[in-house]
Amino acid sequence: MLTLILCASALAGWEDPKPARRPTVQPSATQPVARPSVVEIRCRSQALVRGVDVRLHDVAEVIADDPMLVQRLSELSFGRRPTRGFNRVLPQTGVRAQLAAEGLPPDQVRLTGASETVVQSVHASVQPSELIEIAEPILRAAIELEPERDIEFELNTKLLVLEVPPGRRSFDLRGRLRGNALQASSAIVEVAVVVDGEEYKVVHLPYRLRRYGKALVVLEPVRRETPLNAQLLEQRRMELSPGAQTLHVAEFDAVRGSVAARDLRRGQVLQLADLAAPAVIRPKDPVMVVLARGRVQVTTKGLALGSAAVGERVDVVTAAGKVLQGIARGASLVTIGSQGSRQPVAAVATAGRVNDSEPRGSEVRK
């Protein structure tokens, strides 16, 4: 009897180390599933829009348990804002249709508040002086990069007051030079109106450029072949036409030792084409004419028919009356190539032997 009592006590104090597995409860088909929370849209009767377009948070208050959903729906756009002096009516049906396009089923949206919202715009005025304050520093910086910095500019249009949205977060004016370079006589600065980080409008400011530089001006009429000096010329600051910077004469050093290539009038801006080297041969000057044909040279005497500086062409007449065209090589020296004669080469060679008073050995060399 005592043994049976001890065995029963031991069995009562022993526990299974593995607890019994609880059965998994499967939801039945009739058990309701948790549905997403309903989004409430409280429409306002009036709305003032500061941005470029109409957003849902401008016309209504979005209420939902999911903050990310609230943020996404609040930024939902309903198109451009109305222009100045006009308004726009946004009905609840338009809001519901836009929410459905975003993937929200009708049973998840509850619209409350006004049945329609009257939308108006808030405008900010940009004065012409504000646009100019942005444009001119950009233009001056571009002029500083030019080789010739003596440039004046003036606005080539009339600016009007600009009506723009002030923006929900920020409003700014930013300028840039079109093409990042100045043209010969013009430049355009573009001023962008940036609303909430995006360009709303770009205003073009065209400028006329006047380029100035030093130039030598003729003080009194000057005849052709007159030596040029400081008594006949004056250095002035003048407006130069596009491209004239490389054609006019600006310094007195450039005319030293030069003569007028043509007649010059009073007040004329001296050009590079107006300069010429002094003539070394003048009309009726006796010259030595050298005719070269291959390795043979024929020399004779003649008279110059015109003026020529070194390197210029000149006509000469020989003792035989033949007219030849050559190149002035120095004082009283003219050379003629095989193509420089106005007569056949044989006639030129004959003309070189007309003067029998000179030794023939000095006329022909090999």
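This section reports on the structure supplied with the text.

About the cut-offs
Residues numbered from 1 in each chain as written. Predicted model: local features only at pLDDT ≥ 70, side-chain atom pairs only at ≥ 80, totals over all residues. Heavy atoms only, no water. Buried < 20%, exposed > 50% of the residue type's maximum accessible area, 1.4 Å probe, protein only. Helix = DSSP H or I, 4+ residues; strand = E, 2+ residues; numbered from the N terminus. Arc of directions from axis to C-beta. Contact = heavy atoms within 4.5 Å. Phe/Tyr/Trp six-rings, centres within 6.5 Å; stacked < 30°, edge-to-face > 60°. Pairing = 2+ DSSP bridges. Axes fitted to C-alpha atoms, helices over the stretch in contact; angles between N-to-C directions.

### Remarks on helix α4 (residues 92–101)
At step 1: Restricting attention to buried positions, one finds in α4 the residues Gln92, Val95 and Leu99. The buried residues of α4 occupy one face: seen down the axis, they fall within an arc of 60°. Exposed and facing more than 90 degrees away from the buried side of α4 are Thr93 and Ala101.
At step 2: For α4, the elements touching its buried residues are β1 (39–43), α2 (56–59), α3 (67–74), β5 (77–80), β6 (88–91) and β7 (109–113).
At step 3: Backbone geometry just downstream of α4 places Gly103 in the positive-phi region, at approximately 100°.

### Here we look at the packing of aromatic side chains
At step 1: For the structure on display, the rule yields one aromatic pair.
At step 2: Ring geometry for Phe153 and Tyr207: centres 5.7 Å apart, planes at 80°, overall edge-to-face. Of this pair, Phe153 sits in strand β10 (residues 151–155) while Tyr207 sits in strand β14 (residues 198–218), and the two are 54 residues apart along the sequence.
At step 3: Given the relative accessible area of 2%, Tyr207 is considered buried.

### Section: the sheet that holds β7
At step 1: Spatial strand order, β4-β1-β7: three strands in an open sheet with mixed pairing. In this open sheet, the two edge strands, each paired with only one partner strand, are β4 (60–63) and β7. Going across the sheet, the axis of each strand differs from the next one's by a mean of 20°, ignoring polarity.
At step 2: Note that β1 and β4 share four bridges and pair antiparallel. Looking across to β4, one finds that Glu40 is bridged to Ile63.
At step 3: Together, β1 and β7 form the strand contacts of α4, whose direction differs from that of β7 by roughly 155°.

### Thoughts on the sheet that holds β6
At step 1: As summarised here, the arrangement of the three strands in space is β2-β8-β6, forming an open sheet in which the pairing is mixed. Here the strands that pair on one side only, and so sit at the sheet edges, are β2 (46–49) and β6. On average, each strand axis in the sheet is inclined to that of its neighbour by 30°, with strand direction left out of account.
At step 2: Relative to strand β8 (residues 116–121), β6 runs antiparallel, the two being bridged by four bridges. Paired with Pro91 across the bridge in β8 is Glu116.

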